[in-house]
Structures are given as C-alpha cells and as structure tokens.
Amino acid sequence: MSKHFFDYDDGDFAHTISDNMAIDSDGNMLMRMGDNMAMDMDSGELHIISSWDNEDDDD
C-alpha cells in the first residue's frame, strides 16, 4: 500500500501509511484533502502535492 508523492511546499517526499494519512521525511503527518492537496496535521497548513492517487482508481 505504501506509495509516495512529492510535497511541493516542503520540497520533500511523503509516504502513505493508509488511504488518507501519510508521513513526510521530516516526520510530519499529512491528511489527504484531495488528489493534489494534503493538510499538515501539526500546523494545519494546506500543501500542494504531486498526486495522491486513490487505490480504487487502479481498477
């Protein structure tokens, strides 16, 4: 299940840990808000990301 994507705001990669949660290379938790947006759970800031594809889209 672990996929990765690029966080353009932080300039680092993040790895999914569930369908809606990820952790970046700095240890920050991110929650999926859409295919190209995630919210930093510590600061509440919205981040633009490369792509957080839904697992169901593979069908």
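Up top is the structure these notes are about.
Conventions and cut-offs
Residues numbered from 1 in each chain as written. Predicted model: local features only at pLDDT ≥ 70, side-chain atom pairs only at ≥ 80, totals over all residues. Heavy atoms only, no water. Salt bridge = Lys/Arg side-chain N within 4 Å of Asp/Glu carboxyl O. Pairing = 2+ DSSP bridges. Helix = DSSP H or I, 4+ residues; strand = E, 2+ residues; numbered from the N terminus. Axes fitted to C-alpha atoms, helices over the stretch in contact; angles between N-to-C directions.

A word on the pattern of salt bridges
On inspection of all chains with the given rule, the structure shows one salt bridge. With its nearest N and O atoms 2.4 Å apart, the salt bridge here joins Arg32 to Asp35.

So, the sheet that holds strand S2 (residues 12–16)
Taking strand neighbours across the sheet as the criterion, the six strands line up as S1-S2-S3-S4-S5-S6 in an open arrangement whose pairing is antiparallel. Only two strands of the sheet have a single neighbouring strand rather than two, namely strand S1 (4–7) and strand S6 (46–48). Across the sheet, the mean angle separating the axes of adjacent strands is 40° when strand polarity is ignored. In the sheet, strand S5 (residues 37–40) pairs with S6 via three bridges, with the strands oriented antiparallel. Across the sheet, Met39 pairs through a bridge with Leu46, a residue of S6.

Structural measurements only, silent on function.
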